[in-house]
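Descriptive analysis of the structure
The primary structure of each chain is shown beneath.
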Amino acid sequence: MREKIAIVDCGTGNLASVSNAFRKLGAEAKIVSTAREIGNADKIVLPGVGSFGYFMEQLRANNLEKPLKQAISKKKPYLGICLGMQVLFEESEESPGNTGLGVFKGKAVKFRKGKVPQVGWNYVSPKKDNVLNDGYAYFTNSYYCRPENASYIAGESDYFGTFACAVRKENVFAVQFHPERSGKYGLELLRRWLEC
């Protein structure tokens, strides 16, 4: 029986591109928007673009925060993409007063140098992780995550200074870049995540 992959829709993600990427890999990925669908899934994908605060408001307005946390606590494989990585942290400089999911201690902070947002291809260097390979991925971000515990950093990139572009903690894996827009590199990453 094929695994059920839930791509969570809270109105702020590049859902069609993510779904198409999984389809190319022959995976059964369905765009979902209810707690029940998240609960029935074998693996969870949380893509996101836009504002940290608005994203969290949408999760809460659609009663998706609790089922996402439950999926994580039940050790379901979980992939966060772009803003879907940032909201795994406690907070962001972008939206003071708005709390994230709190899976990782730390926060998202704004780039202080260079053109903001960072848009384009950047090199990814893995750190002791079997999902992430080195190579170029596509980024579009003004903020990056700063984990309190550096041991959770799965990959780094450099944009006027080194920053965490991927994190991993048990069943939770998240990337700041867009695998669905990163060509062969991104598809290979998604394939490895499906196999882990």
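See the structure shown above.
Scope of this entry: the structure provided in the associated data block. (Residues numbered from 1 in each chain as written. Predicted model: local features only at pLDDT ≥ 70, side-chain atom pairs only at ≥ 80, totals over all residues. Heavy atoms only, no water.)

1. Digging into the packing of aromatic side chains
If you walk through the whole model with that rule in mind, you get 13 aromatic pairs. On the numbers, 5.1 Å between centres and 65° between planes, the contact of F111 with Y159 is edge-to-face. Placement of F111 in the loop between β6 (104–110) and β7 (118–126) and of Y159 in the loop between β10 (153–158) and β11 (162–169) is noted, with a sequence separation of 48 residues between them. The exposure class of F111 is buried, given its relative accessible area of 6%. (Phe/Tyr/Trp six-rings, centres within 6.5 Å; stacked < 30°, edge-to-face > 60°. Helix = DSSP H or I, 4+ residues; strand = E, 2+ residues; numbered from the N terminus. Buried < 20%, exposed > 50% of the residue type's maximum accessible area, 1.4 Å probe, protein only.)

2. Considerations on the nonpolar core
Grouped together as the largest cluster of nonpolar side chains are 33 residues, with contacts concentrated most on F22, V45, L132, F173 and F177. For this core, the elements supplying multiple residues, two or more each, are β1 (5–8), α1 (15–24), β4 (78–82), β8 (135–141), β11, β12 (172–175) and α6 (183–195). Contact partners of F177, with chain neighbours within four places excluded, come to I81, C82, V124, L132, A137, Y138, F139, C165, S182, Y185 and L189. Judged by nonpolar contacts, the second largest core, of 29 residues, contains Y78, M85, V167 and A174. (Core = buried A, V, L, I, M, F, W, Y, C linked by side-chain atoms within 4.5 Å. Contact = heavy atoms within 4.5 Å.)

3. Some thoughts on α1
Within the span of α1, buried status applies to L15, V18, S19, A21 and F22. In a view along the axis of α1, the buried residues occupy a sector of 155°, so they form one face of it. What points out from α1, more than 90 degrees from its buried face, is the exposed set R23 and K24. Buried-residue contacts for α1 involve β1, β2 (29–32), β3 (43–48), β4 and α6. Positive backbone phi, approximately 80°, marks G26, located one or two places after α1. (Arc of directions from axis to C-beta.)

4. Structural notes on a nonpolar patch on the surface
A cluster of nonpolar side chains, W121, Y123 and Y136, forms an exposed patch at the surface whose accessible area comes to about 360 Å². Tracing the backbone through its elements, the reader meets Y123 in strand β7. For Y123, a relative accessible area of 32% translates into the label partly exposed. (Patch = residues over 30% accessible without salt bridge, like charges linked within 9 Å, V, L, I, M, F, W, Y side chains within 5 Å. Areas by Shrake-Rupley, 256 points an atom, 1.4 Å probe, with all protein chains shown as cover. Salt bridge = Lys/Arg side-chain N within 4 Å of Asp/Glu carboxyl O.)

5. Brief notes about the environment of G11
Relative to the helices and strands, G11 is located in the loop between β1 and α1. Since its relative accessible area comes to 58%, G11 is described here as exposed. Considered as a pair, G11 and F111 are 100 residues apart in the sequence and their alpha carbons are 25 Å apart.

6. Points about the pattern of salt bridges
Pairing between side chains of opposite charge can happen when the charged atoms of each approach one another. All chains considered together, the criterion is met by 7 salt bridges. Among the ionic pairs, E65 bridges to K69, the shortest N-O distance being 3.4 Å. Note that E65 and K69 are positioned in helix α4 (residues 65–73) at a spacing of 4 residues, about one turn of the helix. In this structure E65 comes out as buried when scored by relative accessible area, which is 16%. A salt bridge links E170 to K75, with the nearest nitrogen and oxygen atoms 2.5 Å apart. Of this pair, E170 sits in the loop between β11 and β12 while K75 sits in the loop between α4 and β4; the two residues are 95 residues apart in sequence, bridging distant segments of the chain. Among the ionic contacts, a cluster of salt bridges with common partners joins R60, E65 and K69.

7. Things to note about helix α3 (residues 52–61)
Listed as buried for α3 are F52, G53, F55, M56 and L59. Looking straight down α3, one finds that the buried residues subtend no more than 165° of arc, so they occupy a single side. Residues of α3 that are buried make contact with β3, α4, α5 (83–86) and β5 (89–92). Where α3 begins, the capping side chain belongs to S51, and its oxygen is found 3.3 Å from the backbone nitrogen of G53. (Polar contact = N/O pair within 3.5 Å; in protein donor to acceptor, adjacent residues only side chain to side chain.)

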